[in-house]
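So you can see what is in the structure, the chains are spelled out below.
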Amino acid sequence: MRNWDLWALRRTAIAYILSVELAVAIAAVWLLTTLGSALATDWVRFAALVLAVTVHLTIVRRAEESRRDESAGPYFDLTSVWTFAAAIVLPGGMAVLVAVWLRIVLWPIARRQPYRFVFTSAHIVASTLLANAAVHLTGLSLGSSSGQVLLDLGLLGVLVLVAALYWFVQVALMSVALRIVNPQTRFVDALGSRNDNMLETTTLGVGAMLGMLIATHWVAPLLLVVPVILVNALLHRASERQAHLERLVAEQHKAHLQLTKDAHTDYRTGLFNTTGLNEHAEKLTADCRRSGRPVTVLAIDLDHFKRINDTWGHPAGNAVLAEVGRILREKLRPGDVAGRDGGEEFVVVLADTGLAQGTAIAERVREAIGEMSVVTTDKHRNTVTLRGRNLPVTEDGPEVRAISASIGVAVVPDNGDSLAVAQHSADAALYTAKENGRNQVRVAGIDIHARHLPAPRVDEPEVSRSA
């Protein structure tokens, strides 16, 4: 008993659950003591109901297990047909026995923690008892029509109110338990979906009709058991189709997200492609402009990238591009936008970033690219390690020091009111960096202090940007 899951709940929840179960048990035992005065016809009706319940739940066991497993919230079945009919036509003790027997037969289907199953059984028995008491206190007869329209309409009204009471007692007891266990639980969480409640309403209506039929002839449950089983089969098929459709919709949504991502992503670097870059960068820039925040644009170009492709082959160049993409993803903040703008060119848009901070980020990116080591293969499939130009010469020779980047920096709104204008200014600054020796950062319209820049390389000839 010490290992029961019940004891893991809050003390108030334990007290509430045990109090409800104790009160229901006392009322049920008291009603069972009155069975000695029951009529023979009541026992026959009781036996017919018990037989119908057993046949119904035995045949639909697998279908109900499947429906219960697929249910995301409160689970509604068709068993209220039998318990509500028993509540309105049988003596209280027999109605309790029908409800208890139904729960015993249902136990293999439920597959729930014992304390939850027992508490659910308790509130079903409680609703059955209260519905039984409400019907019998009115003194109305279900067996035949009185011939008076008002009395018959009054019987109809009583049955509607009793059905509402039956439903409300179960929902109220369950919602209170859920709220005590989890204070964030809302009352509507215990109500179930609209379709579930429509099913429960229909089930209670059929249960009311069954109760009236039982009052006239005991074979009514045996006649109704086949239609109930067929309805169960239809519900099972409907739930299977719904689950299948939901899986298809989820797969379609996942595929749509993947296609959208692929349409905006450069597969080689993992950064945005031109389409994704334009869309996300424009949105970021517009958001910052509305709030009066600056945006820094970095235009990045790998130096002498054509030489890498010509010397070691395109696989080596692709490996360098992939490593640059990794560096940009690591060095930038989550809100920044980075993309490959064709070939060896990259564009970075930094949100809420002024000139000083943007220049510092550009320097960090340039240094990281200049310190790269990329293990790849050459044209003859021999392993080669390409190194950044900021790294010292190794025994492999200076020719493998082939990786560096030139970066141009521009700011919105200092260098233009739009992203396109600022990007053009950053591109012009990039050309200036190329013309002054490469492997450096230049700001649009500003010469950065010499201590921020490496000395121009003299071992490499001047070439155009496309080199």
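Residues numbered from 1 in each chain as written. Predicted model: local features only at pLDDT ≥ 70, side-chain atom pairs only at ≥ 80, totals over all residues. Heavy atoms only, no water.

The protein goes by GGDEF domain-containing protein in an unreviewed UniProt entry, where it is assigned to Saccharothrix mutabilis subsp. mutabilis.

Colleague: Would you mind showing me how to read unusual backbone geometry here?
Modeller: For residues other than glycine, phi is negative in most cases, and the peptide bonds are mostly trans. With omega at 15 degrees, the peptide bond leading from V412 into P413 counts as cis. Its place among the elements puts P413 in the loop between β7 (405-412) and α14 (419-435). The phi torsion at D352 lies on the positive side, around 50 degrees, for a residue other than glycine. With respect to the helices and strands, D352 occurs in the loop between β3 (345-351) and α13 (355-370). In this structure D352 comes out as partly exposed when scored by relative accessible area, which is 40%. One non-glycine residue, R438, lies in the positive phi region at around 65 degrees. With respect to the helices and strands, R438 occurs in the loop between α14 and β8 (441-443). (Helix = DSSP H or I, 4+ residues; strand = E, 2+ residues; numbered from the N terminus. Buried < 20%, exposed > 50% of the residue type's maximum accessible area, 1.4 Å probe, protein only.)

Colleague: Would you mind showing me how to read the environment of L78 here?
Modeller: Position of L78 relative to the elements: it lies in the loop between α3 (61-70) and α4 (80-89). Residue L78 is classed as buried on the basis of its relative accessible area, which comes to 5%. On a C-alpha basis, the gap between L78 and H56 in space is 9.6 Å, while along the polypeptide they are 22 residues apart. Look past the residues within four positions of L78 in its chain and what remains in contact with it is H56, L199, T203, V228, V231, N232 and L235. (Contact = heavy atoms within 4.5 Å.)

Colleague: Mind showing me how you'd approach the sheet that holds β8 here?
Modeller: Sheets are built from strands that pair by backbone hydrogen bonding, the pairs being arranged parallel or antiparallel. The mixed open sheet is built from five strands, whose spatial order is β2-β3-β1-β7-β8. Strand pairing shows two members of the sheet lacking a second neighbour, β2 (337-340) and β8, which therefore form its edges. This sheet shows a mean twist of 20 degrees between the axes of neighbouring strands, independent of strand direction. The pairing of β7 with β8 spans three bridges and is classified as parallel. (Pairing = 2+ DSSP bridges. Axes fitted to C-alpha atoms, helices over the stretch in contact; angles between N-to-C directions.)

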